[in-house]
Amino acid sequence: MRPSIARASEMPGRASWWGAPIIKQKGIVEYTLSPYQTKAAPHWVRNYVFNFYRRVSAEAVYFVIPFGLGYGIYAWAKRHDAYQNSKAGHIASGAAHH
C-alpha cells in the first residue's frame, strides 16, 4: 500500500519533518524565550502566592460581606422554617386549634 500524499508530505517551511534546519519563508515568525526571562522562572511560585494574596485581600470586602450577609439570612430562614414546622411553632402560631 502506498502512503497517502498527506503522510508523505513534509511540514510547511521545513526541510524535513523533524529536526532538520529551517528554510526561511516569508511570513513565518518563530519566537523563543529570552535567557533573562528564564532566570525569573524559579521565583514565579513565590511571586504568584504573594501577588494572589495582595489582590484577593484588597477585594475581600466586596465578596466576604455579601457572602456573610447571605449566609446569615439563609441560616435564619432555615431555623425559622424548622420552628414553624415543629409542634411548638404550630402551637405558637395558633394553627393547632381548629
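Owing to the predicted nature of the structure, the values given are computational and were not obtained by experimental measurement.

About the cut-offs
Residues numbered from 1 in each chain as written. Predicted model: local features only at pLDDT ≥ 70, side-chain atom pairs only at ≥ 80, totals over all residues. Heavy atoms only, no water. Helix = DSSP H or I, 4+ residues; strand = E, 2+ residues; numbered from the N terminus. Buried < 20%, exposed > 50% of the residue type's maximum accessible area, 1.4 Å probe, protein only. Areas by Shrake-Rupley, 256 points an atom, 1.4 Å probe, with all protein chains shown as cover. Phe/Tyr/Trp six-rings, centres within 6.5 Å; stacked < 30°, edge-to-face > 60°. UniProt positions renumbered as here; feature names shortened; annotations may be inferred. Patch = residues over 30% accessible without salt bridge, like charges linked within 9 Å, V, L, I, M, F, W, Y side chains within 5 Å. Salt bridge = Lys/Arg side-chain N within 4 Å of Asp/Glu carboxyl O. pLDDT = per-residue confidence, 0-100.

Undergrad: Help me understand the overall build of the protein, please; the structure alone is not making it clear to me.
TA: A count of helical and extended segments in the protein gives four helices and zero strands. Along the chain direction, N to C, the helices and strands of the protein fall in the order α-α-α-α. Counting over 98 residues, the protein shows a buried share of 3%. Carbon and sulfur atoms make up 65% of the accessible area of the protein, which totals about 9,700 Å².

Undergrad: Help me understand the packing of aromatic side chains, please; the structure alone is not making it clear to me.
TA: Here the distance between the centres and the angle between the planes together describe a pair of aromatic rings. A complete count under the given rule lists two aromatic pairs for this structure. With centroids separated by 6.2 Å and ring planes inclined at 20°, the aromatic side chains of Tyr 48 and Phe 52 adopt a geometry described as stacked. Of the two residues, Tyr 48 and Phe 52 both sit in helix H3 (residues 44-84), four residues apart, roughly one turn of that helix. What makes Tyr 48 exposed here is its relative accessible area of 53%. Relative to Tyr 74, the ring of Tyr 71 has its centre 6.3 Å away and its plane inclined at 40°; by these criteria the two rings are tilted. Of this pair, Tyr 71 and Tyr 74 are both found in helix H3, three residues apart, which corresponds to roughly one turn of the helix.

Undergrad: Help me out: how do you make sense of the UniProt feature "transmembrane region" (unreviewed entry) in the protein in this one?
TA: Summarizing the sequence annotation, UniProt attributes the feature "transmembrane region" (unreviewed entry) to residues 60-77 in the numbering used throughout. Split by type, residues 60-77 is 100% helix and 0% strand. Its first and last C-alpha atoms lie 25 Å apart.

Undergrad: What should I look at first to understand a nonpolar patch on the surface in this one?
TA: On the surface, a nonpolar cluster with roughly 810 Å² of combined accessible area is contributed by Trp 44, Val 45, Tyr 48, Val 49, Phe 52, Val 56, Phe 63 and Val 64. Structurally, Val 56 is set in helix H3. What makes Val 56 partly exposed here is its relative accessible area of 31%.

Undergrad: Is there a simple way to explain the confidence of the model for the protein in this structure?
TA: Regions with low pLDDT carry predicted coordinates that are not meant to be interpreted in detail. Residues of the protein with pLDDT of at least 70 account for 68%, and the chain-wide mean is 79. Within the protein, no element has a lower average pLDDT than helix H1 (residues 5-8), which sits at 52, and none a higher one than H3, at 94.

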